[in-house]
Amino acid sequence: MGARRIRMELRRKGVDGDAIDEALSSIDEDEMLSGALKAARKAASGKDISDPKDRQKVLAALARRGYSEAKQALDMLKEESE
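The notes below deal with the structure included here. Predicted model only: the values in this text are computed from it and were never measured.

**Focus on the pattern of salt bridges**
(1) Moving on: As enumerated under the stated definition, the model contains 6 salt bridges in all.
(2) Moving on: Note that E9 and R5 form a salt bridge whose closest N and O atoms lie 3.5 Å from each other. Remark: R5 and E9 occur in helix α1 (residues 3–12); sequence separation between them is 4 residues, near one turn of the helix.
(3) Moving on: Put simply, D21 and R7 hold a salt bridge, and the shortest N to O gap is 2.6 Å. Here R7 lies in helix α1 and D21 lies in helix α2 (residues 17–25), a separation of 14 residues in the sequence.
(4) Moving on: Members of the salt-bridge network, linked through shared partners, are R5, E9 and R12.

**Re a positive patch on the surface**
(1) Moving on: Side chains of K38, K42, R64 and R65 sit close together on the surface and give a patch of like positive charge.
(2) Moving on: Relative to the assigned elements, R64 resides in helix α4 (residues 52–64).
(3) Moving on: According to the relative accessible area criterion, R64 is exposed, its value standing at 57%.

So, how was this worked out
Residues numbered from 1 in each chain as written. Predicted model: local features only at pLDDT ≥ 70, side-chain atom pairs only at ≥ 80, totals over all residues. Heavy atoms only, no water. Salt bridge = Lys/Arg side-chain N within 4 Å of Asp/Glu carboxyl O. Helix = DSSP H or I, 4+ residues; strand = E, 2+ residues; numbered from the N terminus. Patch = residues over 30% accessible without salt bridge, like charges linked within 9 Å, V, L, I, M, F, W, Y side chains within 5 Å. Areas by Shrake-Rupley, 256 points an atom, 1.4 Å probe, with all protein chains shown as cover. Lys, Arg positive; Asp, Glu negative; His and termini not counted. Charge placed at Lys NZ, Arg CZ, Asp CG, Glu CD. Buried < 20%, exposed > 50% of the residue type's maximum accessible area, 1.4 Å probe, protein only.

Set out below in structure tokens:
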């Protein structure tokens, strides 16, 4: 899950906002990007990410998982496939 989704889930469970901010600040941005890239690979399985419709589907899947790095991860995935 991405930072936004983690924040939402913790708020829903009643965790204090300051505690959430502190916990999320300890997560490395490279780790989040790596997670987003892994999720992008899974979401793009069997799809042609050069097709705008498939690309949008992958971006939507990453957004649902809370990744604000979705576009960057998708761009990295596209570079990998070239």
